[in-house]
Protein chains: 2
Amino acid sequence: MTFSSQDISARPRAVVCLSGGMDSAVCTALAVRDFETYALHFSYGQRTEQRELASAHAIAKTLGIRQLLPLRMDIFRQIGGSALTDTSIAIPDAPAVEEIGAEIPVTYVPFRNAHFLAAAVSWAEVLGAKKVFIGAVEQDSSGYPDCRPAYYQAFQQLICTGTRDADIEVVTPLIALQKREIVRLGLELGAPFHQTWSCYAGETVACGVCESCALRLRAFLDAGATDPIPYAGNRP
Amino acid sequence: MTFSSQDISARPRAVVCLSGGMDSAVCTALAVRDFETYALHFSYGQRTEQRELASAHAIAKTLGIRQLLPLRMDIFRQIGGSALTDTSIAIPDAPAVEEIGAEIPVTYVPFRNAHFLAAAVSWAEVLGAKKVFIGAVEQDSSGYPDCRPAYYQAFQQLICTGTRDADIEVVTPLIALQKREIVRLGLELGAPFHQTWSCYAGETVACGVCESCALRLRAFLDAGATDPIPYAGNRP
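Draft legend 1. How the structure looks around the sheet that holds strand 2 (residues 36-43) of chain A. Residues and elements named next belong to chain A. Spatially, 3-2-1-4-5 is the arrangement adopted by the 5 strands of the open sheet, whose pairing is parallel. This sheet does not close on itself; its edge strands, each paired only once, are strand 3 (67-72) and strand 5 (169-171). Averaged over all pairs of adjacent strands, the angle between their axes in this sheet comes to 25 degrees, without regard to strand direction. Strand direction decides the pairing type here: strand 1 (residues 13-17) and strand 4 (residues 131-133), joined by 3 bridges, are parallel. Each bridged residue has a counterpart across the sheet, and for A14 the counterpart in strand 4 is K131.

Draft legend 2. Local environment of the relation of the copies chain A and chain B. If you rotate chain A by 180 degrees and push it 0.0 Å along the axis, it lands on chain B with an RMSD of 0.0 Å. The symmetry that links the two subunits is that of a two-fold axis. Here 100% of the interface residues in chain A have copies in chain B that are interface residues too; the copies meet face to matching face.

Draft legend 3. Local environment of the interface of chain A and chain B. The interface of chain A with chain B comprises 36 residues on the first partner and 36 residues on the second. Elements that contribute at least two residues to the side of chain A that touches chain B include exactly strand 3, helix 3 (75-79), helix 4 (112-127) and helix 5 (149-162) of chain A. Ranked by residues supplied to the side of chain A that touches chain B, first place goes to helix 4 of chain A with 10 residues. Its residues assigned to classes, the side of chain A that touches chain B comprises 20 nonpolar, 10 polar and 6 charged.

Draft legend 4. A look at the pairing of strand 1 (residues 13-17) of chain B. Residues and elements named next belong to chain B. With 4 of 5 residues buried, strand 1 is to be regarded as a mostly interior element. Sheet topology places strand 1 next to strand 2 (residues 36-43); 5 bridges connect them, and they run parallel. Paired with C17 across the two strands is L40, which belongs to strand 2. Read as a crossover between parallel neighbours, the route from strand 1 over helix 1 (residues 22-34) to strand 2 is right-handed.

Draft legend 5. View of the packing of helix 5 of chain A against helix 5 (residues 149-162) of chain B. In the contact formed by helix 5 of chain A and helix 5 of chain B, the axes pass within 8 Å of each other and the chain directions differ by 165 degrees. Considered as vectors, helix 5 of chain A and helix 5 of chain B are oriented roughly antiparallel to each other. The handedness of the crossing between helix 5 of chain A and helix 5 of chain B is left-handed. Note on element contacts: helix 5 of chain B touches helix 5 of chain A through A150, Y151, A154, F155, Q157, L158, T161 and G162 of chain B, opposite A150, Y151, A154, F155, Q157, L158, T161 and G162 of chain A. Looking at the contact of helix 5 of chain A with helix 5 of chain B, its residues break down into 10 nonpolar, 6 polar and no charged.

Draft legend 6. Highlighting the pairing of strand 3 of chain A. Both strand 2 of chain A and strand 3 of chain A contribute to a ladder of 6 bridges, which runs parallel. Opposite A39 of chain A, over in strand 3 of chain A, you have L68 of chain A as the bridge partner.

Draft legend 7. Focus on the packing of helix 1 of chain B against helix 6 (residues 179-189) of chain B. Residues and elements named next belong to chain B. Packing of helix 1 against helix 6 brings their axes to within 10 Å, and their N-to-C directions diverge by 45 degrees. As far as their axial angle goes, helix 6 and helix 1 are oblique. Crossing angle aside, the handedness with which helix 1 passes helix 6 is left-handed. On the side of helix 1, the interface is formed by M22, D23, A25, V26, A29 and L30, while helix 6 contributes I182, L185, G186 and L189. Of the residues that constitute the contact of helix 1 with helix 6, the class distribution is 8 nonpolar, 1 polar and 1 charged.

Draft legend 8. Structural view of helix 6 (residues 179-189) of chain A. Residue and element names in this part refer to chain A. K179, I182, V183 and G186 are the residues of helix 6 that are buried. One face of helix 6 carries all of its buried residues, which in axial projection span an arc of 100 degrees. Each element contacted by the buried residues of helix 6 is listed here: helix 1 (22-34) and helix 7 (211-223). Looking one or two residues beyond helix 6, the residue adopting positive phi is G190, at roughly 75 degrees.

Rules behind the numbers
- Residues numbered from 1 in each chain as written.
- Chains lettered and ligands numbered in written order.
- Predicted model: local features only at pLDDT ≥ 70, side-chain atom pairs only at ≥ 80, totals over all residues.
- Pairing = 2+ DSSP bridges.
- Helix = DSSP H or I, 4+ residues; strand = E, 2+ residues; numbered from the N terminus.
- Axes fitted to C-alpha atoms, helices over the stretch in contact; angles between N-to-C directions.
- Least-squares fit on C-alpha atoms with pLDDT ≥ 70 in both.
- Contact = placed C-beta atoms within 7 Å.
- Nonpolar A, V, L, I, M, F, W, Y, C, P; charged D, E, K, R; others polar.
- Buried ≥ 20, exposed ≤ 12 C-beta atoms within 10 Å, placed from the backbone.
- Right-handed = clockwise from strand over helix to strand, strands pointing away.
- Parallel < 35°, antiparallel > 145°, perpendicular 65-115°, else oblique.
- Left-handed = near helix turned anticlockwise from the far one by under 90°.
- Arc of directions from axis to C-beta.

The structure is reproduced here in structure tokens:
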């Protein structure tokens, strides 16, 4: 879907991974300040696939990105191995927030972000974009190995050794931020939090109790802000 | 598709990328000597998609691999940028063999092997496989950046930083071989060359003139062997 057809080709291009969650919305809001931005969204069999795609479309439109490319990926549906894509594994309630990240949870999707970044780099090569944005967050995150700076440094090396011109940079502007700082940054930038979706379990109202909801609710609370999306049981 | 249901779970597992070409067939023949082998095949909009998939199925059956997982990828169809996936870009005839690899050709599919390896690593994490085989070849290859040792070293670092147990190894047994050595190795191992497909252009008979055919024909010639697949115009 292309939102804008005017010639703004004088601006440098960037590709952003837009899941539809709060971090990706803030990351996209940062990208559009400086770049003609192309967004990738992935439907990979995650439980809230439809809701996330709708969020990505809405955020892309609000932020005026140049094109949203929705991609479907079969592999995670077929191989299983994660509570996000395998309905035989229950989505757990979050542990106490201070314990989140202590171990890799069952919601870890094996090596998922490598698929996302590979797609973003492929598209960047075709578009001539020199930046690939992804809203990974190390602290306050769920302990996923593919959300750590060393992982993105390794991916940068992969780009330098495996692309035509070796000149695309992976940009992780949120990686060192606390979730409350991401909320504040998003409010400053006008990121459309009301259009984002983070819950692992529900598509209509957020459950409020999964790890992703727990981190999000805590982030808004700590930032002294109100989360604009609906929660089950009128949380928060 | 599962070819074998007997319990051979005592053998360690490996995942192999099986395109259906001669290199991947030899690589798979190496893997099955030591591992319970799971093969991934990718349909990504390449011109000879149907022929390659048929080859992968046939090779997998001949070599007794445990399971072949065929995956479809939308992205290259959608973003274009390669003569292999974009029919508006012609497949060129090969330059003189000594000039192949001097520059990156239009058949380069942007950052393609990162998609293949990401899928292989994801599946390896779920299967508990500790090896991921890919039949990349640096010398005698077409100059693709994602066929060089430095690229696979970077991917190894990506695995070490971005997987649950950081214990999966990328294995590139052919990377330093000449193509003629790969033919000889395949003949020793009983790799089913008659079931492989390398041509970029044709699906019934190989064209004999594209870069991939030129490299293959030269490899068999240099090895003193006969290529068993049919070529247009009765080549070689």
